[in-house]
Amino acid sequence: MASLTLRNISKRYEETEVMRNINLDINDGEFVVFVGPSGCGKSTLMRMIAGLEDISGGDLMIDNARVNELAPAKRGIAMVFQSYALYPHMTLYDNMAFGLKLAGEKKPAIDAAVKNAAKILHIDHLLDRKPKALSGGQRQRVAIGRAITRKPKVFLFDEPLSNLDAALRVKMRLEFARLHDDLKTTMIYVTHDQVEAMTLADKIVVLSAGNIEQVGTPNALYHAPANRFVAGFIGSPKMNFLSGTIAAVQSNGVLVKYATGETQLVGVLSGNAKVGDAVTVGIRPEHLQPNSAEAGDYGVSASTMTVETLGDAAYLYAETDIAPDGLIARIPPLEKHPRGQQLKFGTAPDHCHLFNAEGQAYTRNVVDSWQREHATAA
Ligand SMILES: Nc1ncnc2c1ncn2[C@@H]1O[C@H](COP(=O)(O)OP(=O)(O)O)[C@@H](O)[C@H]1O
Ligand SMILES: [Mg+2]
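Residues numbered from 1 in each chain as written. Chains lettered and ligands numbered in written order. Predicted model: local features only at pLDDT ≥ 70, side-chain atom pairs only at ≥ 80, totals over all residues.

The name an unreviewed UniProt entry assigns to the chain is ABC transporter-like protein, from the organism Caballeronia hypogeia.

The structure is reproduced here in structure tokens:
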């Protein structure tokens, strides 16, 4: 088990800086997920932690000791990649034992370590097989098993489920949660899938273009995203964004006027809000409602396009110029809306987010129990 500290870490490839000002504390035993779109620097950051990539600037500390120059094998870290990198001619047993043999471990110790890892991962009945006789999920388990045998202080997983089909991903996701519960070792998990991040993480690190956008618990990121990027990245379907200008700063929030002349009261602290400022209102699909009683007179008219039925719910898609990405409202499963109908979409002020022209979030004035608990926890 180990804690990690990243202080002002940066990474350059020749002239190009691909990561900057990375500051992060990872606590002993924590499950931390790095999430962000493809190319944002997740693998680069992980490879710097593992020692597979030089660190261009800053300090990397493991248990308070600087390890920037320490060889990968000496860092006590085991890494599992998306491609399982198993030896095809070896049995599972030998695949998992290989690293320990190279390290000069004695046979009984190797045997105990391999059998223990196989048991944890429920592959103890497969140890005589070769990788080609396994499913994708089983191969991934062997790769994880190989990491477990090394008893690392920190596990690094780089998109470990990306090669698996959707159903297996869900199953393996639960396995990762259980594995962390069983081992209680510090784990860093990289994914571009925000659902994996939400379901697995104690702490999520959202990355974009080489920067950390926000660090927080899944709940903190969902309910109090620091900026528009995080608001749009976390949550599916994505948050609705409606552009407008500030019409009034009131004691109960900020009144936003849309280009249509319609308004929405937003329950945020006024901060440095000024009448006339360009802003974006953010409303999650579960809160945006057509003809909402909660919204009263607030909201914007939009033209319905289509309804997607999911069984337990349905999503109504609508078009308006003030929401360039369109609007999505989660509606009851049996509700029907003909195409081209004009409906008013709004929500209660407390369900709205507000972003300034730079995309920074205003502080919401709903402080319910989870916010008190989690907003500053991570
Ligand atoms: N060896 C390299 N030389 C130059 N640029 C690189 C190299 N490796 C990665 N990059 C760049 O660094 C950025 C981050 O890449 P990466 O960490 O692989 O992203 P992610 O894992 O989030 O998809 C990308 O812009 C990528 O093009
Ligand atoms: Mg990657």
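A. Highlighting the site of ligand 1. In the neighbourhood of ligand 1, the contacting residues comprise Tyr 13, Val 18, Gly 36, Ser 38, Gly 39, Cys 40, Gly 41, Lys 42, Ser 43 and Thr 44. Per-element tally for the shell around ligand 1: the top contributor is helix 1 (residues 42-50), with three residues. Of the residues assigned to the shell around ligand 1, the class counts are three nonpolar, six polar and one charged. (Near = placed C-beta within 6 Å. Helix = DSSP H or I, 4+ residues; strand = E, 2+ residues; numbered from the N terminus. Nonpolar A, V, L, I, M, F, W, Y, C, P; charged D, E, K, R; others polar.)

B. Inspection of the UniProt feature "domain: ABC transporter" (unreviewed entry) in the chain at higher detail. In this structure's numbering, the residues bearing the UniProt feature "domain: ABC transporter" (unreviewed entry) are residues 4-234. Within the segment residues 4-234, helix and strand shares are 37% and 26% respectively, and the terminal C-alpha atoms sit 25 Å apart. (UniProt positions renumbered as here; feature names shortened; annotations may be inferred.)

C. Structural detail: unusual backbone geometry. Between Ser 236 and the following residue, Pro 237, the backbone shows a cis peptide bond with an omega angle of -10°. As for its placement among the helices and strands, Pro 237 is situated in the loop between helix 8 (228-233) and strand 11 (240-250). Although it is not a glycine, Glu 14 sits at a positive phi angle of roughly 50°. With respect to the secondary-structure elements, Glu 14 resides in the loop between strand 1 (4-13) and strand 2 (16-26). With 5 C-beta atoms packed within 10 Å, Glu 14 lands in the exposed category. A positive phi angle, near 70°, is found at Asn 64, a position not held by glycine. (Buried ≥ 20, exposed ≤ 12 C-beta atoms within 10 Å, placed from the backbone.)

D. Seen up close, the nonpolar core. Grouped together as the largest cluster of nonpolar side chains are 104 residues, with contacts concentrated most on Val 33, Phe 34, Ile 49, Leu 156, Ile 188 and Leu 354. Per-domain counts for this core show at least three residues from each of domain 1 (4-229) and domain 2 (236-374). When near neighbours in sequence (up to four residues on either side) are disregarded, Leu 156 contacts Met 46, Ile 49, Ala 50, Ile 77, Met 79 and Ile 188. (Core = buried A, V, L, I, M, F, W, Y, C linked by C-beta atoms within 7 Å. Domains from an automatic or database assignment. Contact = placed C-beta atoms within 7 Å.)

E. Broad picture of helix 4 (residues 136-149). Across its 14 residues, helix 4 extends 20 Å between first and last C-alpha, which sits within 8% of the 20 Å expected from 1.5 Å per residue. Judged by how many residues are buried, helix 4 sits mostly within the fold: eleven of 14 residues are covered. Taken residue by residue, helix 4 has Arg 139, Gln 140, Arg 141, Val 142, Ala 143, Ile 144, Gly 145, Arg 146, Ala 147, Ile 148 and Thr 149 as its buried positions. Along its buried surface, helix 4 packs onto strand 6 (77-80), helix 2 (92-102), helix 3 (107-120), strand 7 (154-158) and helix 5 (166-183). Backbone geometry just after helix 4 places Lys 151 at a positive phi near 45°. (Expected span 1.5 Å × (residues − 1).)

F. Spotlight on the packing of helix 2 against helix 3. One can describe the packing of helix 2 onto helix 3 by two numbers: an axis separation of 10 Å at closest approach and a directional angle of 135°. Classed by the angle they form, the pair helix 2 and helix 3 counts as oblique. As for the relative orientation of helix 2 and helix 3, their crossing is right-handed in sense. For the pair helix 2 and helix 3, the contacting residues are Tyr 93, Met 96, Ala 97, Leu 100 and Lys 101 in the first and Ile 110, Ala 113, Val 114 and Ala 117 in the second. Tallied by class, residues from the contact of helix 2 with helix 3 come to eight nonpolar, no polar and one charged. (Axes fitted to C-alpha atoms, helices over the stretch in contact; angles between N-to-C directions. Parallel < 35°, antiparallel > 145°, perpendicular 65-115°, else oblique. Left-handed = near helix turned anticlockwise from the far one by under 90°.)

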